[in-house]
Amino acid sequence: MKPTILMMPRLADDAIASLKQSYTVIGPVHGDDAAGIPVEAKEARALVTYGGRRTGADLMDALPKLELIACYGTGIEGVDAAAAKARGIQLCNAADANARSVAEFAVGLMLNAMRGIGRGDRFVRDGLWSGRGVEPVSNTPDLAGRKIGIYGLGAIGSKIASRAAAFEMEIGYHSRSPKPDLPYQFHDSLLGLATWADVLMIAVRASAETRHAVDDTILSALGPEGYVVNIARGLVIDEEALCAALEQKRIGGAALDVFAEEPHVPERLCKLENVVLTPHVAASSQDAKKAQLRTLLGNLEAFFAGRTMPAGVPL
């Protein structure tokens, strides 16, 4: 008999088809609480979800046979880790399966924000080029020689750093501890990193400790010629402080793929010309999705075979 798994969000059709080859798949489920769980899901031994989606103790308690929470992406912030540990439920994610794709997108956002690519596109489409010259969308800073400060030098942050090096940028970072094997400048505080940097790149994992870590003080330290790019999670930035800094031009610009209350994006941000906005798609490339699915299937196969999962997360 195939093991039963509960799919909370609807995955892509190819992912569902792959899962159904080896498992009885229940779901998707609307909402994040126990009320939406179908009766047949009580047989589920594994739950597949996104890390940003809430997986609380009430949901776990509604699944008496639950043994594994499998996050399709790299994030795990929505999982109540203490409740899972207390129940003896294991946790896994996609590890660094999408790191390359997210790093590429992060550099694309940085280029767009600093070199005004999106503004140039709108300028041409709106018919403003003829007779006006290009001054409204030119006179932008080069990346070469600028300082990029990476907040969180994990798998994604490290790949961003290597790509920034190809643009001849100076690279610094702030993380929980220095990484002496890497040739980048360590800053022992986020404030110190922001004061030093021309670009603050947010690649840190979301947690209670990183919530609103990028606040008005950090943005002010970045300064009127500084840029902030976020491909991590929206909660890391204080959005009210960011809107004010952009409106008052206390920073040069921003590029955001993530937001605090997705899919809601503050109207204040949407009205601004000095910010680039994308709908949480940095990890949505074809290659990243294939890699995440391979990791998910590998985790599930190992778990049900009683082996160590390739991307297990300690609790």
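If you're wondering where the values come from, they're calculated on a predicted model, not measured in any experiment. (Residues numbered from 1 in each chain as written. Predicted model: local features only at pLDDT ≥ 70, side-chain atom pairs only at ≥ 80, totals over all residues. Heavy atoms only, no water.)

A. Layout of the overall build of the protein. For the protein, the helix and strand inventory stands at eleven helices and twelve strands. Whereas a compact globule of 315 residues would reach a radius of gyration of roughly 20 Å, the protein reaches 21 Å, a difference of no more than 12%. The principal-axis extents of the C-alpha atoms in the protein amount to approximately 70 × 50 × 30 Å. Split by element, the accessible area of the protein, about 15200 Å² in all, is 51% carbon and sulfur. Of note, the protein has its 33 positive side-chain charges centred 5 Å away from the centre of its 37 negative side-chain charges. (Helix = DSSP H or I, 4+ residues; strand = E, 2+ residues; numbered from the N terminus. Rg over C-alpha atoms; globule rule 2.2 N^0.38 Å. Areas by Shrake-Rupley, 256 points an atom, 1.4 Å probe, with all protein chains shown as cover. Lys, Arg positive; Asp, Glu negative; His and termini not counted. Charge placed at Lys NZ, Arg CZ, Asp CG, Glu CD.)

B. Representation of the packing of helix α4 (residues 99-115) against helix α6 (residues 155-166) within the structure. Closest axis-to-axis distance for the α4/α6 pair is 8 Å, and the angle between their directions is 50°. Relative to α6, the element α4 is oriented oblique. You can see that α4 and α6 cross each other, and the crossing is right-handed. Across from Ala 99, Arg 100, Val 102, Ala 103, Glu 104, Ala 106 and Val 107 in α4, the residues of α6 making contact are Ala 155, Ile 156, Lys 159, Ile 160 and Arg 163. Taken together, the residues that form the contact of α4 with α6 break down as eight nonpolar, no polar and four charged. (Axes fitted to C-alpha atoms, helices over the stretch in contact; angles between N-to-C directions. Parallel < 35°, antiparallel > 145°, perpendicular 65-115°, else oblique. Left-handed = near helix turned anticlockwise from the far one by under 90°. Contact = heavy atoms within 4.5 Å. Nonpolar A, V, L, I, M, F, W, Y, C, P; charged D, E, K, R; others polar.)

C. Just the pairing of strand β3 (residues 46-49), in detail. Taking every second residue as pointing to the same face, both faces of β3 are buried, with Ala 46 and Val 48 on one and Leu 47 and Thr 49 on the other. Sheet topology places strand β1 (residues 4-7) next to β3; three bridges connect them, and they run parallel. By the bridge assignment, Ile 5 is partnered in β3 with Ala 46. In this structure, β3 lies alongside strand β4 (residues 68-71), joined through four bridges in parallel fashion. Bridging from a neighbouring strand, Thr 49 pairs with Cys 71 of β4. (Buried < 20%, exposed > 50% of the residue type's maximum accessible area, 1.4 Å probe, protein only. Pairing = 2+ DSSP bridges.)

D. Broad picture of the sheet that holds strand β2 (residues 24-26). An order of β2-β1-β3-β4-β5 is seen for the five strands of this open sheet, with the pairing classed as parallel. Of all the strands in the sheet, the pair left with one neighbour each is β2 and β5 (90-92). Here the average twist between neighbouring strands, direction ignored, is 20°. By the bridge criterion, three bridges tie β4 to β5 in an arrangement that is parallel. The residue of β5 that forms the bridge with Ile 69 is Leu 91.

E. Geometry of the environment of Ala 166. Within the secondary structure, Ala 166 sits in helix α6. Sequence separation of Ala 166 and Ala 144 is 22 residues, and the distance between their C-alpha atoms is 8.9 Å.

F. View of the sheet that holds strand β6 (residues 147-151). Spatial ordering of the open sheet is given by β8-β7-β6-β9-β10-β11-β12, a layout of seven strands whose pairing is parallel. Each having just a single partner strand, β8 (185-186) and β12 (275-277) make up the two edges of the open sheet. Running over the sheet, α4 touches β6, β9 (199-202), β10 (227-230), β11 (253-256) and β12 and is turned about 150° from β10. In this fold helix α9 (residues 239-247) packs onto β10, β11 and β12, with an angle of close to 140° to the strand it touches most, β11.

G. Up close: the pairing of strand β7 (residues 170-174). Among the five residues that make up β7, four are buried, leaving the element largely enclosed by the rest of the structure. Where the polypeptide runs from β6 across α6 and back to β7, its parallel neighbour, the crossover connection is right-handed. (Right-handed = clockwise from strand over helix to strand, strands pointing away.)

H. Quick look at the packing of aromatic side chains. The full count for this structure, using the stated rule, is four aromatic pairs. Where Tyr 23 meets Phe 304, the ring centres are 5.4 Å apart and the plane angle is 40°; that geometry is what we call tilted. In this pair, Tyr 23 is assigned in the loop between α1 (13-20) and β2 and Phe 304 in helix α11 (residues 286-304), connecting sequence segments 281 residues apart. Given a relative accessible area of 21%, Phe 304 falls into the partly exposed group. (Phe/Tyr/Trp six-rings, centres within 6.5 Å; stacked < 30°, edge-to-face > 60°.)

I. Quick look at the side chain of His 174. Residue position: His 174 is located in strand β7. Polar side-chain contacts of His 174 include one of 2.9 Å to the backbone oxygen of His 187. (Polar contact = N/O pair within 3.5 Å; in protein donor to acceptor, adjacent residues only side chain to side chain.)

J. Region of interest: a nonpolar patch on the surface. A cluster of nonpolar side chains, contributed by Val 124, Trp 129 and Val 134, occupies part of the molecular surface with about 300 Å² of accessible area. Tracing the backbone through its elements, the reader meets Trp 129 in the loop between α5 (117-125) and β6. Classification of Trp 129 by relative accessible area gives exposed; the value is 52%. (Patch = residues over 30% accessible without salt bridge, like charges linked within 9 Å, V, L, I, M, F, W, Y side chains within 5 Å. Salt bridge = Lys/Arg side-chain N within 4 Å of Asp/Glu carboxyl O.)

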